[in-house]
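Per-entry structural report
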Amino acid sequence: MIWVSNRFMPREKGLKEAMLYEKAAKPPGAVKCSLCAHYCTIPKEKLGFCSVRCNKGGKLYSLSYGKQTGLEMDPVEKKPFFHFKPGTQCLSFGTPGCNLRCLGCLNWFLSQSPREAKNAMDAFDFEETPPKRIAELAVKYKADGVAYTYSEPTIFFEYARDTILATRKIAPEKYHVFVTNGYFSNECFQTIRKEKLLDALRIDLKFFNDKKYRKFTGASLEPVLESIKRVHASPMHLEVICLVIPTLSDDAGEIREMCKWLAGVDREIPLHFLRFFPYYKAADLPATPEETLLKAKAIAEEEGLNYVYVGNTGIPGAENTYCPKCKALLVERYGMSVLRNSFQLTGKPECPSCGRKINIVI
Ligand code: SF4
(Lines give C-alpha, C1' and ligand atoms only; values in the text may rest on other atoms or scores of the structure.)
Protein backbone atom coordinates (compact mmCIF):
# COMPACT_ATOMS: atom_id res chain seq x y z
CA MET A 1 0.00 0.00 0.00
CA ILE A 2 1.26 3.51 -0.76
CA TRP A 3 0.50 6.19 1.77
CA VAL A 4 0.77 9.64 0.33
CA SER A 5 0.40 13.06 1.78
CA ASN A 6 1.01 16.24 -0.19
CA ARG A 7 0.86 18.57 2.75
CA PHE A 8 4.52 19.31 3.23
CA MET A 9 7.66 20.83 1.89
CA PRO A 10 10.36 19.83 4.39
CA ARG A 11 13.44 21.85 5.03
CA GLU A 12 16.44 19.57 4.52
CA LYS A 13 18.36 21.26 7.30
CA GLY A 14 17.85 19.73 10.70
CA LEU A 15 16.25 16.53 9.45
CA LYS A 16 17.52 13.26 10.84
CA GLU A 17 17.86 10.27 8.52
CA ALA A 18 15.50 7.53 9.62
CA MET A 19 16.36 4.01 10.74
CA LEU A 20 14.62 0.91 9.39
CA TYR A 21 13.89 1.73 5.77
CA GLU A 22 15.02 0.53 2.35
CA LYS A 23 14.58 1.47 -1.26
CA ALA A 24 11.24 0.31 -2.66
CA ALA A 25 10.95 -1.56 -5.95
CA LYS A 26 8.59 1.09 -7.33
CA PRO A 27 7.80 3.86 -8.04
CA PRO A 28 11.31 5.20 -8.83
CA GLY A 29 12.88 6.92 -5.82
CA ALA A 30 10.31 5.49 -3.37
CA VAL A 31 11.32 4.03 0.00
CA LYS A 32 9.68 1.46 2.24
CA CYS A 33 9.55 2.25 5.95
CA SER A 34 9.65 -0.74 8.31
CA LEU A 35 9.36 1.11 11.59
CA CYS A 36 5.71 0.33 12.18
CA ALA A 37 3.16 -2.17 10.97
CA HIS A 38 1.84 0.17 8.28
CA TYR A 39 5.00 -0.58 6.26
CA CYS A 40 4.41 2.51 4.11
CA THR A 41 5.85 2.78 0.64
CA ILE A 42 6.61 6.49 0.35
CA PRO A 43 7.20 8.13 -3.04
CA LYS A 44 9.71 10.98 -3.39
CA GLU A 45 8.81 14.22 -1.62
CA LYS A 46 5.91 12.58 0.24
CA LEU A 47 5.12 11.67 3.84
CA GLY A 48 4.21 8.34 5.43
CA PHE A 49 0.83 7.68 7.02
CA CYS A 50 2.11 9.18 10.30
CA SER A 51 2.99 12.51 8.61
CA VAL A 52 6.26 12.32 10.56
CA ARG A 53 8.60 10.55 8.13
CA CYS A 54 9.33 11.99 4.71
CA ASN A 55 11.08 10.81 1.58
CA LYS A 56 13.47 13.52 0.54
CA GLY A 57 15.47 12.68 -2.59
CA GLY A 58 15.16 8.93 -2.05
CA LYS A 59 16.19 9.03 1.62
CA LEU A 60 13.81 8.73 4.55
CA TYR A 61 13.95 11.41 7.25
CA SER A 62 12.31 11.84 10.65
CA LEU A 63 10.67 15.22 11.14
CA SER A 64 10.17 14.70 14.87
CA TYR A 65 13.80 14.16 15.90
CA GLY A 66 14.62 16.45 18.84
CA LYS A 67 11.14 17.93 18.88
CA GLN A 68 10.05 17.02 22.39
CA THR A 69 7.01 18.60 23.97
CA GLY A 70 5.54 18.41 27.44
CA LEU A 71 8.73 17.44 29.25
CA GLU A 72 7.71 16.83 32.85
CA MET A 73 8.16 14.55 35.82
CA ASP A 74 5.37 12.01 36.28
CA PRO A 75 4.76 9.18 38.71
CA VAL A 76 5.16 5.89 36.85
CA GLU A 77 1.58 5.14 37.94
CA LYS A 78 0.38 7.85 35.54
CA LYS A 79 1.44 5.80 32.46
CA PRO A 80 -0.09 3.59 33.99
CA PHE A 81 2.46 1.07 35.24
CA PHE A 82 1.30 -0.56 38.49
CA HIS A 83 3.70 -3.52 38.50
CA PHE A 84 6.88 -1.73 37.52
CA LYS A 85 8.90 0.26 40.08
CA PRO A 86 5.87 1.48 42.08
CA GLY A 87 6.20 4.93 43.58
CA THR A 88 9.00 6.06 41.24
CA GLN A 89 9.17 9.20 39.11
CA CYS A 90 9.98 9.35 35.42
CA LEU A 91 10.94 12.23 33.20
CA SER A 92 8.32 12.08 30.45
CA PHE A 93 7.99 13.53 26.96
CA GLY A 94 6.51 13.00 23.53
CA THR A 95 6.77 14.58 20.08
CA PRO A 96 4.11 15.65 17.57
CA GLY A 97 2.62 12.86 15.46
CA CYS A 98 1.26 9.33 15.64
CA ASN A 99 0.90 6.30 13.39
CA LEU A 100 -2.74 5.93 14.46
CA ARG A 101 -5.62 8.38 14.23
CA CYS A 102 -7.95 7.47 17.07
CA LEU A 103 -11.27 9.29 17.23
CA GLY A 104 -11.17 9.86 20.97
CA CYS A 105 -7.46 10.66 21.42
CA LEU A 106 -6.80 12.44 24.69
CA ASN A 107 -3.61 14.01 23.32
CA TRP A 108 -4.93 14.73 19.82
CA PHE A 109 -3.49 18.26 19.81
CA LEU A 110 -0.05 16.60 19.98
CA SER A 111 -0.57 13.26 18.24
CA GLN A 112 -2.56 14.60 15.31
CA SER A 113 -0.91 18.01 14.92
CA PRO A 114 1.14 17.13 11.77
CA ARG A 115 -2.06 15.83 10.14
CA GLU A 116 -4.21 18.73 11.30
CA ALA A 117 -1.67 21.37 10.19
CA LYS A 118 -1.91 22.83 6.69
CA ASN A 119 1.76 22.00 6.25
CA ALA A 120 3.01 19.08 8.38
CA MET A 121 6.30 20.93 9.02
CA ASP A 122 4.43 23.63 10.96
CA ALA A 123 3.83 21.09 13.74
CA PHE A 124 7.61 20.78 14.21
CA ASP A 125 8.47 24.45 14.03
CA PHE A 126 9.92 24.89 17.51
CA GLU A 127 13.28 24.64 19.22
CA GLU A 128 15.05 21.30 19.35
CA THR A 129 16.02 19.51 22.60
CA PRO A 130 19.01 17.22 21.95
CA PRO A 131 18.96 13.74 23.54
CA LYS A 132 21.95 14.68 25.73
CA ARG A 133 19.97 17.56 27.23
CA ILE A 134 17.14 15.23 28.24
CA ALA A 135 19.67 12.84 29.81
CA GLU A 136 21.15 15.75 31.78
CA LEU A 137 17.71 16.86 32.96
CA ALA A 138 16.90 13.32 34.08
CA VAL A 139 20.02 13.41 36.25
CA LYS A 140 19.51 16.99 37.45
CA TYR A 141 15.92 16.36 38.59
CA LYS A 142 16.76 12.92 40.02
CA ALA A 143 14.32 10.99 37.83
CA ASP A 144 14.24 7.25 38.43
CA GLY A 145 13.73 6.71 34.72
CA VAL A 146 12.60 8.19 31.41
CA ALA A 147 9.17 7.59 29.85
CA TYR A 148 8.57 8.00 26.10
CA THR A 149 4.90 8.85 26.15
CA TYR A 150 2.08 11.38 25.44
CA SER A 151 2.24 10.52 21.71
CA GLU A 152 3.50 7.32 20.06
CA PRO A 153 7.20 6.62 20.80
CA THR A 154 7.52 4.33 17.77
CA ILE A 155 7.33 7.27 15.41
CA PHE A 156 10.09 9.15 17.24
CA PHE A 157 12.15 6.00 17.59
CA GLU A 158 15.51 7.51 16.53
CA TYR A 159 15.10 10.32 19.07
CA ALA A 160 14.03 7.93 21.83
CA ARG A 161 16.91 5.57 21.05
CA ASP A 162 19.51 8.36 21.13
CA THR A 163 18.03 9.65 24.39
CA ILE A 164 18.30 6.18 25.93
CA LEU A 165 21.91 5.83 24.76
CA ALA A 166 22.81 9.34 26.01
CA THR A 167 21.19 8.63 29.40
CA ARG A 168 22.95 5.27 29.69
CA LYS A 169 26.30 7.04 29.32
CA ILE A 170 25.81 9.28 32.34
CA ALA A 171 23.17 7.44 34.38
CA PRO A 172 23.01 3.75 33.46
CA GLU A 173 20.84 2.97 36.48
CA LYS A 174 17.83 4.85 35.09
CA TYR A 175 15.03 2.83 33.50
CA HIS A 176 13.37 3.50 30.13
CA VAL A 177 9.75 2.73 29.30
CA PHE A 178 7.56 3.06 26.20
CA VAL A 179 3.89 3.96 26.52
CA THR A 180 2.81 2.65 23.14
CA ASN A 181 -0.12 1.69 20.93
CA GLY A 182 1.80 -1.51 20.10
CA TYR A 183 1.71 -0.86 16.36
CA PHE A 184 5.48 -1.15 16.00
CA SER A 185 6.97 -3.59 13.50
CA ASN A 186 8.88 -6.75 14.31
CA GLU A 187 11.98 -4.98 12.90
CA CYS A 188 11.53 -2.18 15.44
CA PHE A 189 10.94 -4.67 18.25
CA GLN A 190 14.04 -6.70 17.32
CA THR A 191 16.14 -3.51 17.42
CA ILE A 192 14.78 -2.75 20.91
CA ARG A 193 15.61 -6.29 22.01
CA LYS A 194 19.02 -6.52 20.42
CA GLU A 195 20.15 -3.17 21.83
CA LYS A 196 18.41 -3.78 25.18
CA LEU A 197 16.83 -0.33 24.95
CA LEU A 198 13.78 -0.72 27.18
CA ASP A 199 12.87 -2.05 30.58
CA ALA A 200 9.10 -2.01 30.21
CA LEU A 201 6.30 -1.36 27.72
CA ARG A 202 2.68 -0.47 28.34
CA ILE A 203 0.62 -1.44 25.31
CA ASP A 204 -2.80 -0.10 24.41
CA LEU A 205 -5.28 -2.75 23.22
CA LYS A 206 -8.09 -0.61 21.88
CA PHE A 207 -10.56 -3.15 20.51
CA PHE A 208 -10.68 -6.88 20.03
CA ASN A 209 -12.14 -6.47 16.58
CA ASP A 210 -10.18 -5.80 13.42
CA LYS A 211 -12.98 -3.87 11.67
CA LYS A 212 -13.20 -1.44 14.57
CA TYR A 213 -9.41 -1.04 14.68
CA ARG A 214 -9.42 -0.09 11.00
CA LYS A 215 -12.43 2.20 11.26
CA PHE A 216 -11.59 4.05 14.46
CA THR A 217 -7.76 4.09 14.45
CA GLY A 218 -6.59 3.52 10.86
CA ALA A 219 -4.57 0.48 12.05
CA SER A 220 -5.36 -3.22 12.44
CA LEU A 221 -5.64 -5.64 15.35
CA GLU A 222 -3.19 -8.44 14.53
CA PRO A 223 0.09 -6.45 14.76
CA VAL A 224 -0.92 -5.20 18.23
CA LEU A 225 -1.59 -8.77 19.40
CA GLU A 226 1.77 -9.81 17.94
CA SER A 227 3.49 -7.00 19.85
CA ILE A 228 1.88 -8.10 23.12
CA LYS A 229 3.06 -11.69 22.55
CA ARG A 230 6.58 -10.57 21.57
CA VAL A 231 7.03 -8.29 24.58
CA HIS A 232 5.62 -10.95 26.90
CA ALA A 233 8.12 -13.49 25.56
CA SER A 234 10.99 -11.04 26.15
CA PRO A 235 12.69 -10.06 29.43
CA MET A 236 10.90 -6.67 29.31
CA HIS A 237 7.99 -5.96 31.64
CA LEU A 238 4.54 -5.65 30.04
CA GLU A 239 1.25 -4.07 31.06
CA VAL A 240 -1.86 -3.65 28.90
CA ILE A 241 -4.57 -1.00 28.97
CA CYS A 242 -7.99 -0.84 27.38
CA LEU A 243 -9.83 2.47 27.15
CA VAL A 244 -13.50 1.58 27.45
CA ILE A 245 -15.43 3.93 25.15
CA PRO A 246 -19.25 3.86 25.34
CA THR A 247 -20.79 2.28 22.20
CA LEU A 248 -17.34 1.66 20.64
CA SER A 249 -15.40 -0.64 22.99
CA ASP A 250 -17.82 -1.43 25.84
CA ASP A 251 -19.38 -4.57 24.37
CA ALA A 252 -19.27 -7.23 27.11
CA GLY A 253 -18.80 -10.06 24.59
CA GLU A 254 -15.85 -8.34 22.94
CA ILE A 255 -14.29 -7.54 26.32
CA ARG A 256 -14.66 -11.20 27.30
CA GLU A 257 -12.97 -12.38 24.09
CA MET A 258 -10.13 -9.91 24.65
CA CYS A 259 -9.63 -11.04 28.27
CA LYS A 260 -9.77 -14.70 27.27
CA TRP A 261 -7.06 -14.08 24.68
CA LEU A 262 -4.87 -12.11 27.12
CA ALA A 263 -5.28 -14.74 29.85
CA GLY A 264 -4.22 -17.31 27.23
CA VAL A 265 -0.96 -15.37 26.79
CA ASP A 266 -0.44 -15.08 30.55
CA ARG A 267 -2.87 -14.55 33.42
CA GLU A 268 -0.15 -12.59 35.24
CA ILE A 269 -0.19 -9.67 32.75
CA PRO A 270 -1.63 -6.59 34.52
CA LEU A 271 -4.68 -5.20 32.68
CA HIS A 272 -6.04 -1.68 33.19
CA PHE A 273 -9.54 -0.64 32.11
CA LEU A 274 -9.57 3.12 31.78
CA ARG A 275 -12.47 5.49 31.82
CA PHE A 276 -13.04 7.45 28.61
CA PHE A 277 -13.84 11.16 28.63
CA PRO A 278 -15.25 12.90 25.54
CA TYR A 279 -12.42 14.26 23.35
CA TYR A 280 -11.56 15.18 19.79
CA LYS A 281 -13.78 13.47 17.19
CA ALA A 282 -15.55 11.40 19.85
CA ALA A 283 -16.58 14.46 21.87
CA ASP A 284 -20.27 13.60 21.37
CA LEU A 285 -19.95 10.34 23.33
CA PRO A 286 -20.54 10.26 27.11
CA ALA A 287 -17.87 9.44 29.69
CA THR A 288 -17.75 5.74 30.58
CA PRO A 289 -20.14 4.88 33.43
CA GLU A 290 -18.39 3.36 36.44
CA GLU A 291 -20.69 0.30 36.29
CA THR A 292 -19.41 -0.50 32.78
CA LEU A 293 -15.81 -0.44 34.00
CA LEU A 294 -16.59 -2.58 37.03
CA LYS A 295 -18.39 -5.06 34.77
CA ALA A 296 -15.32 -5.21 32.50
CA LYS A 297 -13.14 -5.86 35.57
CA ALA A 298 -15.47 -8.66 36.71
CA ILE A 299 -15.33 -10.25 33.23
CA ALA A 300 -11.52 -10.09 33.19
CA GLU A 301 -11.34 -11.75 36.60
CA GLU A 302 -13.83 -14.44 35.52
CA GLU A 303 -11.52 -15.14 32.58
CA GLY A 304 -8.67 -15.69 35.01
CA LEU A 305 -6.60 -12.50 34.82
CA ASN A 306 -4.93 -11.95 38.18
CA TYR A 307 -4.32 -8.19 38.25
CA VAL A 308 -7.16 -6.09 36.86
CA TYR A 309 -7.48 -2.36 37.54
CA VAL A 310 -9.98 0.40 36.83
CA GLY A 311 -8.45 3.81 36.25
CA ASN A 312 -9.57 7.45 35.89
CA THR A 313 -12.46 6.97 38.31
CA GLY A 314 -11.58 7.24 41.99
CA ILE A 315 -13.54 4.05 42.79
CA PRO A 316 -12.16 2.99 46.22
CA GLY A 317 -9.81 0.01 45.95
CA ALA A 318 -9.99 -0.23 42.13
CA GLU A 319 -6.29 0.63 41.81
CA ASN A 320 -4.99 -1.58 44.62
CA THR A 321 -2.91 -4.70 44.05
CA TYR A 322 -4.06 -7.79 45.93
CA CYS A 323 -2.41 -11.18 46.18
CA PRO A 324 -4.24 -13.50 43.74
CA LYS A 325 -3.88 -16.38 46.21
CA CYS A 326 -4.59 -15.09 49.74
CA LYS A 327 -6.12 -11.69 48.74
CA ALA A 328 -3.76 -9.73 51.02
CA LEU A 329 -3.46 -6.04 50.12
CA LEU A 330 0.00 -5.62 48.57
CA VAL A 331 0.02 -2.09 47.13
CA GLU A 332 -2.52 0.53 48.13
CA ARG A 333 -2.99 3.35 45.63
CA TYR A 334 -5.20 6.31 45.12
CA GLY A 335 -5.04 8.06 41.78
CA MET A 336 -1.38 8.30 40.91
CA SER A 337 -0.15 7.99 44.47
CA VAL A 338 1.15 4.90 46.22
CA LEU A 339 -0.13 5.00 49.80
CA ARG A 340 1.37 1.71 50.97
CA ASN A 341 3.76 -0.72 49.27
CA SER A 342 4.47 -3.99 51.07
CA PHE A 343 7.26 -4.87 48.63
CA GLN A 344 9.28 -1.94 49.95
CA LEU A 345 9.56 -3.73 53.28
CA THR A 346 10.45 -7.18 51.96
CA GLY A 347 12.39 -6.25 48.79
CA LYS A 348 11.06 -9.45 47.19
CA PRO A 349 8.43 -9.90 44.44
CA GLU A 350 6.29 -12.18 46.54
CA CYS A 351 3.29 -11.88 48.84
CA PRO A 352 4.51 -11.24 52.41
CA SER A 353 1.50 -13.16 53.78
CA CYS A 354 1.49 -16.39 51.77
CA GLY A 355 4.74 -16.24 49.74
CA ARG A 356 3.03 -16.40 46.29
CA LYS A 357 5.27 -15.01 43.52
CA ILE A 358 3.92 -11.72 42.17
CA ASN A 359 4.60 -10.36 38.68
CA ILE A 360 6.11 -7.07 39.80
CA VAL A 361 9.43 -5.28 39.19
CA ILE A 362 10.33 -3.65 42.49
S1 SF4 B 1 6.43 4.99 10.97
FE2 SF4 B 1 4.73 3.75 10.19
S3 SF4 B 1 3.23 5.25 9.46
FE4 SF4 B 1 5.19 6.32 9.64
S5 SF4 B 1 6.14 6.16 7.64
FE6 SF4 B 1 6.92 4.44 8.82
S7 SF4 B 1 5.55 2.73 8.35
FE8 SF4 B 1 4.49 4.63 7.72
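The model shown is predicted, which means the values in this text are computed figures rather than measured ones. (Residues numbered from 1 in each chain as written. Predicted model: local features only at pLDDT ≥ 70, side-chain atom pairs only at ≥ 80, totals over all residues.)

**Looking at the site of the ligand**
- Surveying the vicinity of the ligand reveals 14 residues, the closest of which are Cys33, Cys36, Cys40, Gly48 and Cys50.
- A per-class count over the shell around the ligand returns 10 nonpolar, 3 polar and 1 charged. (Near = placed C-beta within 6 Å. Nonpolar A, V, L, I, M, F, W, Y, C, P; charged D, E, K, R; others polar.)

**Notes on the sheet that holds strand 6 (residues 59–62)**
- Taken in spatial order, the 3 strands line up as 1-6-5 in an open sheet, and their pairing is antiparallel. Since the sheet does not close on itself, it has two edges, and those belong to strand 1 (16–17) and strand 5 (53–56), each with one partner.
- Bridging between strand 1 and strand 6 involves 2 bridges; their strand directions are antiparallel. The partner of lysine 16 across the bridge, within strand 6, is serine 62. (Pairing = 2+ DSSP bridges. Helix = DSSP H or I, 4+ residues; strand = E, 2+ residues; numbered from the N terminus.)

**Remarks on the sheet that holds strand 8 (residues 89–94)**
- Taken in spatial order, the 8 strands line up as 7-8-9-10-11-12-13-14 in an open sheet, and their pairing is mixed. In the strand order of this sheet, the two ends are held by strand 7 (69–75) and strand 14 (308–311), each with one partner. Ignoring strand direction, the axes of neighbouring strands in this sheet form an average angle of 20°.
- Sheet analysis places strand 7 next to strand 8, joined by 5 bridges and oriented antiparallel. Looking at strand 8, one finds that aspartate 74 is bridged to cysteine 90.
- Taken strand by strand, helix 7 (residues 221–232) contacts strand 11 (200–204) and strand 12 (237–244), and its axis lies near 155° from that of strand 11. (Axes fitted to C-alpha atoms, helices over the stretch in contact; angles between N-to-C directions. Contact = placed C-beta atoms within 7 Å.)

**Description of helix 9 (residues 290–302)**
- For helix 9, which comprises 13 residues, the first-to-last C-alpha distance of 18 Å matches the rise-based estimate of 18 Å (1.5 Å per residue) to within 8%.
- Taken as a whole, helix 9 has its buried residues at Leu293, Ala296, Lys297, Ile299 and Ala300. Buried residues along helix 9 cover an arc of 160° about the axis, so they all sit on one side. Exposed side chains of helix 9 directed beyond 90 degrees from the buried face belong to Glu291 and Glu302.
- Tucked inside the fold, the buried residues of helix 9 contact strand 12, helix 8 (252–265), strand 13 (271–275) and strand 14.
- One or two steps after helix 9, the chain reaches glycine 304, where phi turns positive at roughly 100°. (Expected span 1.5 Å × (residues − 1). Buried ≥ 20, exposed ≤ 12 C-beta atoms within 10 Å, placed from the backbone. Arc of directions from axis to C-beta.)

**Regarding the nonpolar core**
- With 96 residues, the main nonpolar core has Val177, Leu201, Val240 and Val244 as its most contacted residues.
- Each of domain 1 (16–62) and domain 2 (69–346) gives at least three residues to this core.
- Other than its neighbours up to four places away in sequence, valine 177 contacts Lys79, Phe81, Cys90, Gly145, Ala147, Leu198, Asp199, Ala200 and Leu201.
- Residues Leu330, Phe343, Cys351 and Ile360 belong to the second largest nonpolar core, which totals 6 residues. (Core = buried A, V, L, I, M, F, W, Y, C linked by C-beta atoms within 7 Å. Domains from an automatic or database assignment.)

**Describing the domain arrangement of the protein chain**
- Its domain assignment divides the protein chain into domain 1 (16–62) and domain 2 (69–346).
- Computed over C-alpha atoms, the centres of domain 1 and domain 2 are 27 Å apart.
- Between domain 1 and domain 2, the contact holds 16 residues from the first and 16 residues from the second.
- Among the residues making up the side of domain 1 that touches domain 2, the classes are represented as 11 nonpolar, 4 polar and 1 charged.

**Thoughts on the pairing of strand 14**
- With 4 bridges joining them, strand 13 and strand 14 adopt parallel strand pairing. Bridge pairing links leucine 271 to valine 308 in strand 14.
- As a crossover connection, the stretch from strand 13 through helix 9 into strand 14 is right-handed. (Right-handed = clockwise from strand over helix to strand, strands pointing away.)

**Describing the packing of helix 8 against helix 9**
- Interaxial distance between helix 8 and helix 9 falls to 9 Å at its minimum, and their mutual angle equals 40°. Classified by the angle their axes make, helix 8 and helix 9 are oblique. Seen from above, helix 8 lies across helix 9 with right-handed handedness. Mapping the contact onto sequence places Ala252, Ile255, Arg256 and Cys259 in helix 8 and Lys295, Ala296, Ile299 and Ala300 in helix 9.
- Along the lines of polarity and charge, the residues of the contact of helix 8 with helix 9 split into 6 nonpolar, no polar and 2 charged. (Parallel < 35°, antiparallel > 145°, perpendicular 65-115°, else oblique. Left-handed = near helix turned anticlockwise from the far one by under 90°.)

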